[in-house]
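Fold and geometry: a report
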Amino acid sequence: MGFEREFLRSALTLAAASEVHHLLYVHDRPVPAELLRGRRCRRKLLYAVTSETLAKQLIARKERAILIPSYDSSRVDRVKVALVSVTAAGGLLSGSARVVMLKRASLPMAIPSAS
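Residues numbered from 1 in each chain as written. Predicted model: local features only at pLDDT ≥ 70, side-chain atom pairs only at ≥ 80, totals over all residues. Heavy atoms only, no water.

**Focus on helix H4 (residues 75-88)**
If you check H4, its first and last C-alpha atoms are 20 Å apart, about what 14 residues at 1.5 Å a residue would give, namely 20 Å. Three or more residues of H4 are buried, namely Val79, Val81, Ala82, Ser85 and Val86. Relative to the axis of H4, the buried residues are bounded by an arc of 165 degrees and lie together on one face. H4 presents Val76, Lys80, Val84 and Ala88 as exposed residues on the side facing more than 90 degrees away from its buried surface. Downstream of H4 by a residue or two, glycine 90 has a phi angle that is positive, lying close to 85 degrees. (Helix = DSSP H or I, 4+ residues; strand = E, 2+ residues; numbered from the N terminus. Expected span 1.5 Å × (residues − 1). Buried < 20%, exposed > 50% of the residue type's maximum accessible area, 1.4 Å probe, protein only. Arc of directions from axis to C-beta.)

Structural data, given as structure tokens:
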């Protein structure tokens, strides 16, 4: 959990840069509140979630959230679906700089052997 937390902190720091317009966070668990406290990147954060309940909760908390389909796919495909969904909903401006953060699933994906 320590590495994951540090990685998330680094992504939030990167997203705080003035050159970055959006932080797209693809995961069904929100960023822990203590990591967002006092950070300028909070308004840049956009959640892509598969749970309609979570999306409604985030929106009720004045967070930006979009619902994406919940089918088993690769991490790259989930990012593609999230980007297309957010862009189609008008959540990302054309030409804007983005940081995409995709947390790993609870079970690591199998990597095929080279042999």
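Still more ground to cover, so stick around.
**Side note on the environment of valine 26**
By the secondary structure assignment, valine 26 is in strand S1 (residues 22-26). Given a relative accessible area of 4%, valine 26 falls into the buried group.

**Digging into the nonpolar core**
Counting residues in hydrophobic clusters, the biggest one holds 18 residues, and the most contacted among them are Leu12, Val31, Leu45 and Tyr47. Sorting the residues of this core by element identifies helix H1 (2-15), S1, helix H2 (33-36), strand S2 (45-49) and helix H3 (52-60) as the ones contributing at least two each. Ignoring sequence-local partners within four residues, the contact set of valine 31 consists of Leu8, Leu12, Tyr25, Leu36, Leu45 and Tyr47. In this structure, Leu24, Leu46, Val81 and Ala82 belong to the second largest nonpolar core, which totals nine residues. (Core = buried A, V, L, I, M, F, W, Y, C linked by side-chain atoms within 4.5 Å. Contact = heavy atoms within 4.5 Å.)

**Some details on the pairing of strand S3 (residues 64-67)**
Here four bridges tie S2 to S3, and the two strands are oriented parallel to one another. Bridged to valine 49 within S3 is leucine 67. As for the winding sense of the linkage, the β-α-β connection from S2 through H3 to S3 is right-handed. (Pairing = 2+ DSSP bridges. Right-handed = clockwise from strand over helix to strand, strands pointing away.)

**Focus: the environment of proline 69**
Along the polypeptide, proline 69 turns up in the loop between S3 and H4. Taking the relative accessible area as the measure of exposure, proline 69 reaches 43% and is therefore partly exposed. Residues proline 69 and valine 81, 12 residues apart in the sequence, show an inter-C-alpha distance of 8.0 Å. Setting aside residues up to four positions removed in sequence, proline 69 forms contacts with Thr50 and Val81.

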